[in-house]
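Each chain is listed here by its residues.
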Amino acid sequence: MKKSLLALAVLGAFAGAALAQSSVTVYGKVDVGGVLDSGAIGTGAKSVRISSGVSGGSRLGFRGVEDLGGGLQAKFQAETGFCADSNAGAPNFCTGGNNFMGRQAWVGLAGGFGSTQLGRQYTPAFINLTTIDPFGTGYAGQTTNLFDAAGSSAANPRFNNAVIYSTPSMGGFSGSLAYGAGETTGNWKAGRGTGFSASYSGGPVYVGLGYHNVENAAGTASARKNTNIGGVYNFGVATANFIYQTTKNGPQPYLDVADYMIGTTVKLGGGSLMASYIKHNDKSVLNHDASQLGVGYNYALSKRTSIYTAFAKISNKNGATFTVGNATEAGTGNKALNLGVVHNF
């Protein structure tokens, strides 16, 4: 009897140690804001909405890590969007292609070699873009109102069927390589994606380069190609942000674009003032040029809860029809005002 009790105690101790080496975190964001759009293309009409995911998509996620020994870890992340404002059009997951766990879903291994992740993930080029954007590719002032999102489509920054390898940080330098299978039977090049990033982060400086390419449906040429480069310098009370991106659409001459953004984030009144100016230069025969001026303010009520406001206006030229959106909406007009609250858990 004593031996049995001792055996159970030993097994319990090992089980406790095993559990201590593995962890799963539940996290999320609930973001709801008022959106006033005006200047709708063609009509000039206004739209008043209560929207979910203005600064960043409302989401529920799970991330975990298991220590496999010898410095090797297994990791995963599964993240779904949800609509915090209504259930209109249900099922509707309000981002990630409106699919369950459509924001991210990947599993991988990490260690001294870096990390390798397999599944649906953000592209390296988009991560560089959102790191530099003062608005974090959210709110009315986001870069992606005029910039291509450097992902599986012009508006979707994620990779399907992706394998991404990321190096460890080496003196502040790091990089990523990405491959997304097109999964077309008989033509492995059709619809495939490739990309990479290289960056340096140290002290007040961040500098990054991103590249993303998507093959056409025939696998014979590039359907869309993005290259961006930029950085952030933190002066303490304010940052200086700049990024330049080119977008080309394979053999079609109608998409040849150069975009740049200059911006800043300023500590003000206990919160953060965000501002940026974006220039969209369409070098094709269409010459659909545009520019955007955006400003916003985020005030933290606690470590988890913030209130925000943002405004942006786009000046379209030569028949361009760009609209002011936010993290989950394309928008309806060339001007938009946001006012909302976000809670992270």
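I will try to describe carefully the structure that is included in this document.

How each quantity is defined
Residues numbered from 1 in each chain as written. Predicted model: local features only at pLDDT ≥ 70, side-chain atom pairs only at ≥ 80, totals over all residues. Heavy atoms only, no water. Salt bridge = Lys/Arg side-chain N within 4 Å of Asp/Glu carboxyl O. Helix = DSSP H or I, 4+ residues; strand = E, 2+ residues; numbered from the N terminus. Buried < 20%, exposed > 50% of the residue type's maximum accessible area, 1.4 Å probe, protein only. Core = buried A, V, L, I, M, F, W, Y, C linked by side-chain atoms within 4.5 Å. Contact = heavy atoms within 4.5 Å.

### Some details on the pattern of salt bridges
Point 1. Across all of its chains, the model carries five salt bridges by this definition.
Point 2. Note that D148 is salt-bridged to R224, the shortest N-O span being 3.0 Å. On the criterion of sequence distance, the pair formed by D148 in the loop between helix 2 (124-132) and strand 7 (158-166) and R224 in strand 11 (residues 222-234) is long-range, its members being 76 residues apart.
Point 3. A relative accessible area of 10% means that R224 is categorised as buried.
Point 4. Ionic pairing is found between K248 and D256, a salt bridge with its closest N-O pair at 2.8 Å.
Point 5. When salt bridges that share partners are traced, they join D37, R49 and E329 into one network.

### Here we look at the nonpolar core
Point 1. Membership of the largest hydrophobic core comes to 25 residues, with the highest contact counts inside it found for I132, Y139, A140, F147, I243, M261 and V324.
Point 2. Where this core is concerned, the elements lending two or more residues are helix 2, strand 14 (271-282), strand 16 (305-316) and strand 17 (333-344).
Point 3. Among the elements that line this core, the one with the most residues is strand 16, at four residues.
Point 4. Setting aside its immediate chain neighbours within four residues, I132 contacts Y206, G230, G231, V232, N241, F242, I243 and M261.

### Quick notes on the environment of N99
Point 1. Topologically, N99 is positioned in the loop between strand 4 (72-81) and strand 5 (104-111).
Point 2. Judged by its relative accessible area of 46%, N99 is partly exposed.
Point 3. The residues contacting N99, other than those within four sequence positions of it, are T80 and F93.

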